[in-house]
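Here's the letter readout for the chains.
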Amino acid sequence: MKASDRIVDAIDLETYFYCESEEEARGLAEQLTAELGLPHGDIVFLEHRGWGARVRLRAYMHHPGDHYRWMERKEGQA
């Protein structure tokens, strides 16, 4: 089982982008979630100042009621 299979709800990621505007930062954040293969990505914080923007992203790996891999029976278990 992969570590990502054991994530209960979400992955939070924070970074600082070199960019000219908030709009560019938003596009870069969305591009980053796609490049990393993170599903259901949301921008939870974005602040552009000077030459860049601080961005916090949240990617929901599981929503309530989803199929949770860690709940599957292991081989040999009753």
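Residues numbered from 1 in each chain as written. Predicted model: local features only at pLDDT ≥ 70, side-chain atom pairs only at ≥ 80, totals over all residues. Heavy atoms only, no water.

Quick question: what am I supposed to make of the overall build of the protein chain here?
Across its full length, the protein chain holds one helix and three strands. The order of helices and strands in the protein chain, counted from the N terminus, is β-α-β-β. With 78 residues in all, the protein chain has 22% of them scored as buried. Contacts spanning at least 24 positions in sequence make up 58% of the contacts within the protein chain whose residues lie at least 6 apart. Accessible area for the protein chain stands at about 5,900 Å²; split by element, carbon and sulfur atoms hold 47% of it. (Helix = DSSP H or I, 4+ residues; strand = E, 2+ residues; numbered from the N terminus. Buried < 20%, exposed > 50% of the residue type's maximum accessible area, 1.4 Å probe, protein only. Contact = heavy atoms within 4.5 Å. Areas by Shrake-Rupley, 256 points an atom, 1.4 Å probe, with all protein chains shown as cover.)

What am I meant to see in the pairing of strand E2 (residues 41–49) here?
Pairing geometry for E2 and strand E3 (residues 52–60), over eight bridges, is antiparallel. Bridge pairing links Gly41 to Ala59 in E3. Counting the residues between successive antiparallel strands, the hairpin from E2 to E3 contains two residues, one of them, Gly50, with a positive phi of roughly 60°. (Pairing = 2+ DSSP bridges.)

Just checking my understanding: could you explain the pattern of salt bridges for this structure?
Oppositely charged side chains may form a pair once their charged atoms are brought near each other. By the definition in use, this model includes five salt bridges. With a closest N to O distance of 2.5 Å, Arg58 and Asp12 form a salt bridge. Taken as a pair, Arg58 in strand E3 and Asp12 in strand E1 (residues 10–18) lie far apart in primary sequence, 46 residues in all. Looking at Arg58, the relative accessible area reads 28%, which means it is partly exposed. Taking the shortest distance from any N to any O, the salt bridge between Arg54 and Glu14 comes out at 3.4 Å. Taken together, the residues Arg54 in strand E3 and Glu14 in strand E1 connect sequence positions 40 residues apart. (Salt bridge = Lys/Arg side-chain N within 4 Å of Asp/Glu carboxyl O.)

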